[in-house]
Amino acid sequence: MSGTPPVDLLAKFDAIRTEYAFLLSTGLSDPFGVVMERVLSPTRAIIRGRETILVGTYNYMGMTFDPDVIAAGKAAMDAFGAGSTGSRVLNGTFATHVAVEQALKDFYGTKSAIVFSTGYQANLGMVSTLAGKDDVILLDADSHASIYDGCKLGNAEVVRFRHNDAADLEKRLRRVPAGKGKLVILEGVYSMLGDVAPLRDLVGAAKAHGAMVLVDEAHAMGFFGPHGRGVYEEQGLEEEVDFVVGTFSKSVGTVGGFAVSNHPHFEILRLVCNPYRFTASLPPVVAASAEASIRKLMAARDKRERLWAASRKLHAGLKAAGFTMATETAESAIIAVLMPSQEACVVMWSALLDQGIYCNLARPPATPMGVYLLRCSLSSEHGLDDVDEIVRRFVQARAASQALAA
Amino acid sequence: MALSRDAVLARLFELIQPFNTKAVPLAEDTRFADDLEFDSLTVMDLVASMEDEWDINVPLNLLPDLETVGQVADAIVKLKAEA
Ligand SMILES: Cc1ncc(COP(=O)(O)O)c(C=O)c1O
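Residues numbered from 1 in each chain as written. Chains lettered and ligands numbered in written order. Predicted model: local features only at pLDDT ≥ 70, side-chain atom pairs only at ≥ 80, totals over all residues. Heavy atoms only, no water.

(A) Broad picture of the pairing of strand β5 (residues 136-140) of chain A. All names here are of chain A. The buried count for β5 comes to five of five residues, which makes it a mostly enclosed element. Alternating positions in β5 separate into two faces, Val 136, Leu 138 and Asp 140 on one and Ile 137 and Leu 139 on the other, with burial throughout. Of the pairings in the sheet, the one linking β5 to strand β7 (residues 182-187) comprises four bridges and is parallel in character. Note on β7: the bridge partner recorded for Leu 139 is Ile 185. Where β5 and strand β6 (residues 157-161) come together, five bridges link them in parallel fashion. (Buried < 20%, exposed > 50% of the residue type's maximum accessible area, 1.4 Å probe, protein only. Helix = DSSP H or I, 4+ residues; strand = E, 2+ residues; numbered from the N terminus. Pairing = 2+ DSSP bridges.)

(B) A look at the packing of aromatic side chains. Residue and element names in this part refer to chain A. Under the definition given, this model contains 15 aromatic pairs over all chains. Their ring planes at 50 degrees and their centres at 6.0 Å tell us that Tyr 20 and Phe 32 sit as a pair that is tilted. On the criterion of sequence distance, the pair formed by Tyr 20 in helix α1 (residues 14-25) and Phe 32 in the loop between α1 and β1 (36-41) is long-range, its members being 12 residues apart. The exposure class of Tyr 20 is partly exposed, given its relative accessible area of 30%. Above the face of the Tyr 58 ring, Lys 250 is positioned so that its terminal group lies 4.1 Å from the ring centre. When the ring centre of Phe 323 is taken as origin, the NZ or CZ atom of Arg 398, which lies over that ring, is 4.3 Å away. (Phe/Tyr/Trp six-rings, centres within 6.5 Å; stacked < 30°, edge-to-face > 60°. Lys NZ or Arg CZ within 6 Å of the ring centre and 35° of its normal.)

(C) The pairing of strand β14 (residues 372-377) of chain A, seen in detail. Residue and element names in this part refer to chain A. For β14, a buried count of six out of six residues is recorded, marking the element as mostly surrounded by other parts of the structure. Residues Tyr 372, Leu 374 and Cys 376 point to one face of β14 and Leu 373, Arg 375 and Ser 377 to the other, with burial holding for every one of them. Where strand β11 (residues 334-339) lies against β14, six bridges are found, and the strand directions are antiparallel. If you follow Ile 335 over to β14, its bridge partner there is Cys 376. Across three bridges, strand β13 (residues 360-362) lies against β14 in antiparallel orientation. Paired with Ala 362 across the strands is Leu 373, a residue of β14.

What follows is the structure in structure tokens.
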């Protein structure tokens, strides 16, 4: 109708837009606008013309430049073309999809594996499809956005319990009326603080109340548990956990997501899960690279040991240098430094980039309320001398940002 | 056992008081966000104390519809009746 004044749908973001513009006006580097002009290796890239140490990539096992992974991708590109151009349910599966799912079944020792186009979509699909209208989801308060969004996409009742608190979960499970289906959602490593979940207690509570359990092991694949399956394997819970979700974007070194399970009817999800069936499948180059990478990760004992050694050394080094760490010890390959405020965090992050260190600036809503982090994650390809250099540059960046504040 | 709405409301006022740092007078139509200025962390703590008081789960899905103290009292009476 004429005369109706238009409402600007982007106006609701004015506050954050103003805050962001103010940040950029201070002359600090844009924490959300880093461009890697060239990537030299899993640990080095050229940013603003300068060689920078990458300390925030999730490239835990350094697979992005593995020659076998690259060769497998190139061969698949030549043999199958650049893309799948459609959904596997509607437009067909390529041999590369079957092969990467077989690699996952071999890696996890499960009967079934379903590959999604990203880890985000794997959680969207699993969470929204497993728990329906009459079911209850119980999720950790610090769950990843993809889990929360999966809850929104589905129709289940959603109950949140305190982060890593088995007693709180137990109390909530007890309050669910008898006869309702229950899905408890956990993560092996929580991606912001890098803390490891007490899965044995949490899964124990879930099973005592007849709940099914899904564990997201995105940040643990390759270096927790005897086979590198994740924290659930390390804590001896392979019989108890019903579904494991993971991603190819971190340890595997490419892109994609998946869920594995021993449930006898798991495969039916392919026909009923919208984030699986209404989107294009992974391109063959990605599926083949992922397959090669997963098969190599089965035997990557030396990489695991290097990653743990570097992670422990970085945690100890930063702590000794006086930084406030998010966890008491190095629980995972995510080593997060707690900052007192958003301003201090941004200033320090920018000073680090000036020193040739790229880490992640993390703030709410990615982090819990009021938590500002400089989040580092290491790779098996960071040497111990790299770690010394990273700590040295953290100390220099702190001096530079204190000079700025004075 | 069904709870009386009056009893729930009276107890709710008591549970809100520790978080009511600005000493806003509480009534049925007091709004959590606009009048009490609760942030999401405060809401989470308050919800947890209500859950323990009445031994119920307050599903996340309900929260967006609960703007006033009176609406929360209604929701608790309903959840308790269903439990
Ligand atoms: C715990 C967790 N789950 C899922 C994802 C999503 O993975 P992807 O990057 O493959 O979408 C991430 C990473 O962003 C994550 O940290």
